Amino acid sequence: MSSKLDFIPKELTSLKEQGLLVNIRVIDSPQGAWLTVDGKKVLNLCSNNYLGFANHDVLKRRAQKAIEAFGVGPAAVRTIAGTLTLHRELESRLAHFKGVEAALTFQSGFCANLAALGSLSGPEDVIFSDELNHASIIDGCRLSRAKVVRYAHCDPQDLREKLRSETSARRRLVISDGVFSMDGDIAPLPEIVAVGTEFDALVLVDDAHGEGVLGQAGRGIVDHFQLHGKVDLEIGTLSKAFGVVGGLVAGSRQVVEYVQQKGRPLLFSSAVPPADAAACLAAVEILEKSGDLVERLWANTRRFKEGMRALGFDLGRSETPITPVMIGDAKLAGAFSRKLFEEGIFAMSIGYPTVARDKARIRVMISATHSDRDLDFALEIFGRVGHELAVLH
Ligand SMILES: *Cc1c(COP(=O)(O)O)cnc(C)c1O
């Protein structure tokens, strides 16, 4: 007898056959260089905890204090009764840190993109979006109901041609990831800004993987390229280098106020709890005092990547701590990841639809929490598994 739910086992089986079924590992330890995963102690090469803030003593203490002072739940959306002094403090601190007039925080980076794109563009507008932009940008574009024109990855010349051929729009808006999350390459933001300016288009950058990583002490991609005041809105996350959870937009007072008035995730979904806001505030304060953690992150990145290239691995076009180890076939990448796990290394394989079908990879995330010994251990195991599975010759 057939049922209306028959499509589910059919599609799940098909995903499994293609090696594309997501296998969710369960963690039973705090985030750090080592994790307990499915009961096994493994070296963590997966998380976005770039600076070790996810389990940092100072952040934990600040979160605990905030719980004592403000409780655990926001109890409302930001615009009704959910905005605490802590949220406002965090926002002014973030604005100061990034050298902009104003910042506004959200429940996640995903929500920040929905809010920014959903408020700054509408059905009469055209959004020009890098073809490899993050899923939350794609969904933000959908929410706006603007026409979306994808331009070739990191290609300002193609962007210029696409802008030239769209003349009837009310507004034109260009958006790019700052650091691309699957390849670790950096958007050519100075050229994108120049093209945007030429056509009087709004320019937005989603700096989720640049925040805490690029620029002076992690001030982000705009600081990295010294483009202060030239980007209309920076979008970011507090869930990666900042180690907690949340999102943000940052820019001029006017643009940020506009997103605050119109952004649907802010108007219709509850605020971030006090403990999270307080922990984020502590993270910003630490980075304002010192760039040591960011320097350690980059030193670790150089050590690991040099070692991997010496072994003969293809690291794609990475320029950041995001280190794709290119494998190609999704099933082989899955087998590589499982083998690494058996040897004590937690590094996930990534396949379609997150990346193109023939571009499956192991995605290694380097963190300031890794010691030299950790990285050397990783290199040893990668070399061994690489030969065993004939990825290296
Ligand atoms: C991770 C990521 C997001 C989503 O951030 P969350 O805070 O996890 O929702 C948005 N944009 C980009 C480019 C990202 O890499």
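Heads up: these notes are all about the structure in this document.

Calculation notes
Residues numbered from 1 in each chain as written. Predicted model: local features only at pLDDT ≥ 70, side-chain atom pairs only at ≥ 80, totals over all residues. Heavy atoms only, no water. Disulfide = S-S within 2.5 Å. Buried < 20%, exposed > 50% of the residue type's maximum accessible area, 1.4 Å probe, protein only. Helix = DSSP H or I, 4+ residues; strand = E, 2+ residues; numbered from the N terminus. Pairing = 2+ DSSP bridges. Salt bridge = Lys/Arg side-chain N within 4 Å of Asp/Glu carboxyl O.

**Focus on the state of the cysteines**
Stage number 1. Evaluation of the coordinates by the stated rule reveals 0 disulfides.
Stage number 2. Unpaired in terms of disulfides, Cys111 finds its nearest cysteine sulfur in Cys280, a separation of 14 Å.
Stage number 3. Cys111 gets classed as buried once you look at its relative accessible area, which sits at 17%.

**Points about the pairing of strand β1 (residues 34-37)**
Stage number 1. Taking every second residue as pointing to the same face, the buried face of β1 carries Leu35 and Val37, while none of Trp34 and Thr36 on the other face is buried.
Stage number 2. Taken together, the 4 bridges between β1 and strand β2 (residues 40-44) define a ladder with antiparallel strand orientation. Within the sheet, the bridge partner assigned to Leu35 lies in β2 and is Val42.

**Concerning the pattern of salt bridges**
Pairs can form between side chains of opposite charge once their charged atoms are near each other.
Stage number 1. Tallied over the full model, the rule gives 24 salt bridges.
Stage number 2. Across the pair Arg62 and Glu285 runs a salt bridge, and its minimum N-O distance is 3.0 Å. You can see Arg62 sitting in helix α2 (residues 57-70) and its partner Glu285 sitting in helix α12 (residues 274-289), a full 223 residues away along the chain.
Stage number 3. Where Lys147 meets Glu166, a salt bridge forms, and the shortest distance between an N and an O atom there is 2.7 Å. With Lys147 in strand β5 (residues 147-151) and Glu166 in the loop between α7 (156-164) and β6 (172-177), the pair connects residues that are 19 residues apart, well separated along the chain.
Stage number 4. For Lys147, a relative accessible area of 43% puts it in the partly exposed group.
Stage number 5. When salt bridges that share partners are traced, they join Arg62, Arg93, Glu285 and Glu288 into one network.

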